[in-house]
Structure formats: C-alpha cells, structure tokens
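# Structural features, examined
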Amino acid sequence: MRPETELWWKQAIEDLETARVNLNAQRYYACVFFAHQAAEKSLKALFI
C-alpha cells in the first residue's frame, strides 16, 4: 500500500468511528457529516 493511500484509509477509519460516536450520542447532523467524510476518504484511497 502506498503511503498516501494508507494515510487516507486511516483517516477514513477515524472518521467512521467519530460518526459512530455521534450516532450513539444522537447527534445526527455530525454523524452524517463524518460518515460522508469517511466515504469520500475511503474512495480516494481506493482511487489512488
């Protein structure tokens, strides 16, 4: 795995965990935001 790909992937995992925390806290706007970020970053990692 290329270094820049690994960085994007790790950030996507962190964003997904943040989305889960916000979901459990019933902060849905933040949950959706971080889930979207996780999706974008994981797709970018796959594209690279």
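Structure shown above.
We now turn to the structure provided with this report. Each chain carries its own residue numbering, running from 1 in the direction its sequence is written. Where totals are concerned, whole chains, interfaces and linings use all residues; where local detail is concerned, this predicted model gives features only for residues with pLDDT of at least 70, and gives and counts side-chain atom pairs only at 80 or more. With hydrogens and water stripped out, all remaining heavy atoms of the structure feed into the side-chain values.

What makes a salt bridge here is a side-chain nitrogen of Lys or Arg within 4 Å of a carboxyl oxygen of Asp or Glu, nothing more. Scanning all chains against the criterion turns up 4 salt bridges. Here Lys 10 makes a salt bridge to Glu 6, at a shortest N to O gap of 3.3 Å. One end of the pair is Lys 10 and the other is Glu 6, both in helix H1 (residues 3-24) and 4 residues apart, which spans about a single turn. Each residue's exposure class comes from its accessible area (1.4 Å probe, protein chains only) as a fraction of the maximum for that residue type: buried when under 20%, exposed when over 50%, partly exposed otherwise. According to the relative accessible area criterion, Lys 10 is partly exposed, its value standing at 48%. The closest approach of N and O atoms between Asp 15 and Lys 41, which form a salt bridge, is 2.7 Å. With Asp 15 in helix H1 and Lys 41 in helix H2 (residues 28-47), the pair connects residues that are 26 residues apart, well separated along the chain. Residue class for Lys 41 comes out buried when judged on its relative accessible area of 16%. Numbering of helices and strands runs from the N terminus; a helix is a DSSP stretch of H or I covering at least four residues, while a strand is a stretch of E covering at least two.

Inspection of the secondary structure puts Asn 22 in helix H1. Judged by relative accessible area, which is 10%, Asn 22 ranks as buried. Here a polar contact is recorded for every N or O atom pair within 3.5 Å, except that within protein the pair must consist of a potential hydrogen donor and a potential acceptor, and residues adjacent in sequence are included only if both atoms are side-chain atoms. Engagement of the side chain of Asn 22 in a polar contact is seen with the backbone oxygen of Thr 18, the distance being 2.9 Å. It only takes one pair of heavy atoms within 4.5 Å for two residues to be counted as in contact. Apart from the residues within four sequence positions on either side, Asn 22 is in contact with Arg 27, Ala 30, Cys 31 and Phe 34.

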